[in-house]
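# Observations on the model geometry
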Amino acid sequence: MALYDALRELPLEVESYALERLEQVVSSEFTRVTTVIRLRGGGEVGVGEDVTYTAEDHPPPDELPLAGSHTIDSYSNLLERLVLFTEEPGMAASRDYRRWAFESAALDLALRQAGRPLASAVAREPAPVRFVASMGLGDPPSTETVRGWLEHYPVLRFKLDPRSSWTEELVDELAELDCIDVLDLKGQYEGTVVDQPPDSRLYRLLAERFPDAMLEDPAVTDETRPILEPHADRITWDAIIHSVEDIEALPWSPRSINIKPSRFGRLERLFDAYDHCEEKGITPYGGGQFELGPGRGQIQYLASLFHPDSSNDVAPSAYNLPPPRPGLPTSPLDPAPEPTGFRWST
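This write-up is about the structure you can find in this document. Every residue gets a number counted from 1 within its own chain, in the order that chain's sequence is written. Local features in a predicted model are, by the rule used here, given only for residues with pLDDT of at least 70; side-chain atom pairs are given and counted only at 80 or more, and totals for whole chains, interfaces and linings are based on all residues. Excluded from the side-chain calculations are hydrogens and water; all other atoms, namely the structure's heavy atoms, are used.

## Quick look at the side chain of arginine 266
Inclusion rule: Each helix is a run of H or I in the DSSP string that is no shorter than four residues. Each strand is a run of E no shorter than two, and both are numbered from the N terminus. A simple rule labels every residue: compare its accessible area, found with a 1.4 Å probe on the protein chains alone, to the largest value its type can have, and call it buried under 20%, exposed over 50%, or partly exposed in between. Counted as a polar contact is a pair of N or O atoms within 3.5 Å, where, for protein atoms, one must be capable of donating a hydrogen and the other of accepting one, and residues adjacent in sequence contribute only when both atoms are in side chains. The contact definition used throughout considers only heavy atoms, calling two residues in contact when any of these lie within 4.5 Å.
Mapped onto the secondary structure, arginine 266 falls in the loop between α9 (261-264) and α10 (267-280). Accessibility expressed as a relative area gives 16% for arginine 266, which makes it buried. One polar contact links arginine 266 to asparagine 77, side chain to side chain, over a distance of 3.3 Å. Non-local contacts of arginine 266, meaning those with residues more than four positions away in its chain, are made with Ser76, Asn77, Glu80, Arg99 and Glu103.

## Details of the side chain of serine 311
Looking at the element boundaries, serine 311 is found in the segment after α11 (294-306). Among the polar contacts made by the side chain of serine 311, one reaches the side chain of arginine 130 at a distance of 3.1 Å. A distance of 2.8 Å separates a polar atom in the side chain of serine 311 from a polar atom in the side chain of aspartate 181. Here serine 311 is in contact with Arg130, Val132, Asp181, Val182, Met214, Tyr285 and Gly286, once residues within four sequence places are set aside.

## Regarding unusual backbone geometry
The peptide bond linking aspartate 139 to proline 140 adopts the cis configuration, its omega dihedral lying at 5 degrees. Along the chain, proline 140 turns up in the loop between β6 (133-135) and α4 (144-152). Across the junction of serine 331 and proline 332, the peptide omega takes the value 0 degrees, indicating a cis bond. Turning to its location among the elements, proline 332 is positioned in the segment after α11. Phi angles above zero are rare outside glycine, and aspartate 217 is one such case at about 55 degrees. Judged by its relative accessible area of 0%, aspartate 217 is buried. Although it is not a glycine, phenylalanine 290 sits at a positive phi angle of roughly 60 degrees. Following the sequence through the fold, phenylalanine 290 ends up in the loop between β12 (283-286) and α11.

## Structural notes on α11
Since there are 3.6 residues in each turn of an α-helix, residues three or four apart along the chain are aligned in direction. To keep it simple, the criterion reads: The span one expects for a helix is its residue count, reduced by one, times 1.5 Å.
Over its 13 residues, α11 extends 19 Å from the first C-alpha to the last, a length consistent with the 18 Å expected when each residue adds 1.5 Å. Counting buried residues in α11 gives 12 out of 13 residues, a clear majority hidden from the surface. Buried residues of α11: Gly295, Arg296, Gly297, Gln298, Ile299, Gln300, Tyr301, Leu302, Ala303, Ser304, Leu305 and Phe306, and no others. For α11, the secondary structure elements touched by its buried residues are β4 (44-50), α2 (94-114), α3 (118-121), α9 and α10.

## Quick notes on the pairing of strand β2 (residues 16-27)
As a reminder, the rule being used: Two strands qualify as a pair provided DSSP detects at least 2 bridges between them.
Relative to strand β3 (residues 30-41), β2 is paired through 11 bridges, and the arrangement is antiparallel. Its bridge partner lying in β3, arginine 21 is registered against threonine 35.

## With respect to the packing of aromatic side chains
The following threshold applies: Centres within 6.5 Å make a pair out of two Phe, Tyr or Trp rings, where for Trp the six-membered ring is used; the pair is then stacked when the planes are under 30 degrees apart, edge-to-face when over 60, and tilted otherwise.
Enumeration over the complete set of coordinates arrives at 12 aromatic pairs. Aromatic side chains tyrosine 153 and tyrosine 319 sit 5.8 Å apart centroid to centroid with 50 degrees between the ring planes, which places their arrangement in the tilted category. Within this pair, whereas tyrosine 153 is found in the loop between α4 and β7 (158-160), its partner tyrosine 319 is found in the segment after α11, the two being separated by 166 residues in sequence. Each member of the pair, tyrosine 153 as well as tyrosine 319, carries the same accessibility label: buried. Through a chain of ring-to-ring contacts, three or more aromatic side chains come together here, namely Trp100, Tyr301, Phe342 and Trp344.

## Comments concerning the environment of glycine 148
If you trace the backbone, glycine 148 turns up in helix α4. Its relative accessible area of 15% is what places glycine 148 among the buried residues.

## A few points about the nonpolar core
Where we set the bar: We define the nonpolar core as a collection of buried residues of types Ala, Val, Leu, Ile, Met, Phe, Trp, Tyr and Cys that are connected through side-chain atoms lying within 4.5 Å of one another.
Counting 94 residues, the largest nonpolar core has Leu66, Leu118, Phe158, Leu160, Trp166 and Phe271 as its most contacted members. Examining the composition of this core, we find that 9 residues originate from one element, α2, more than from any other. In contact with phenylalanine 158, not counting residues within four places along its chain, are Val132, Ala133, Met135, Val146, Trp149, Leu150, Cys179, Ile180, Asp181 and Val182.

## Topic: the sheet that holds β4
Quick reminder of the rule: Interaxial angle, 0 to 180 degrees, is taken between N-to-C directions of lines fitted to C-alpha atoms, where a helix line uses only the stretch in contact.
What the 3 strands build is an open sheet, ordered β2-β3-β4; its pairing is antiparallel. Edge positions in the open sheet fall to β2 and β4, since each of these has one partner strand only. Neighbouring strand axes in the sheet, compared pairwise and without regard to direction, differ in orientation by 20 degrees on average. Bridging between β3 and β4 involves 7 bridges; their strand directions are antiparallel. Its bridge partner being in β4, isoleucine 37 is matched across the sheet by glycine 48. Sheet strands in contact with α2 are β2, β3 and β4, and its direction is about 160 degrees off that of β4. The sheet strands contacting α11 are β3 and β4, and the helix crosses β4 at an angle near 90 degrees.

Interpretation note: all reported values are geometric properties and have no functional meaning in isolation.
Pasting the structure below:
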């Protein structure tokens, strides 16, 4: 049975909802803003987190006609007909991010009303979650932050964001540390602060010096394709993956893929992707969106059910904030599902 079929007919009673703004100052140039959505019904509350990056696009509308008796599937179809932004969002991806917040809150509420945890509903056993720490290396780039984390957590693994400013000397230092699982080339982003244009020199250098690392989101051009093709078995994708159709349209059949639940928007599209990966022998790994609230625990929960042993970019939120410090949870995370709902104790 398809995974979503185990969820689509779950009854869902919605009486009202409330919004809570969360903020985290990251730097003088950036304050992370998210919105927690709390769906209420039948004496229970279901939560989801809107990870839309543009602060001006928060909050979601507070008078959507969500009240009523639904199933998970009919509620999703209702959301399809509603306008979830009061103005055109700053980023097209925000539509999926907000949709995910309302759908994940509904799943949490329906499961809590049914007195069941997600693991039981999809017949999966939660397992310890292996995670990596994700970061850039600053400007000018250095290995200082990576070394700082390794001082506290010697076996910590990393997902790093290479830039054209990386030198051969820097790459040699990182290769010697032998701690990198994923190199996020950011070649599939356009019009964002993290854009990294295609760079043949950088791609060749990384592919040669990190023969075991996954190469995520390269820009495939006439110049980069010959460099990438010999390494097709370790090229993986993230920013352009929103559905099974996106996976099937990739230039090379992936052995692994980054599944970020919020990119899929609809629960049905997400669970169809899990089914597809299992059928095709693709190993997923999870990714986050700098969640500040319950959304982080929810992606850790999904990782524990569907890809616990992968290089999951779902580290506890404190790993996103400098400086490196001791006393944080270490990889792998012990399973922490709550007795009912789509909740993970963090």
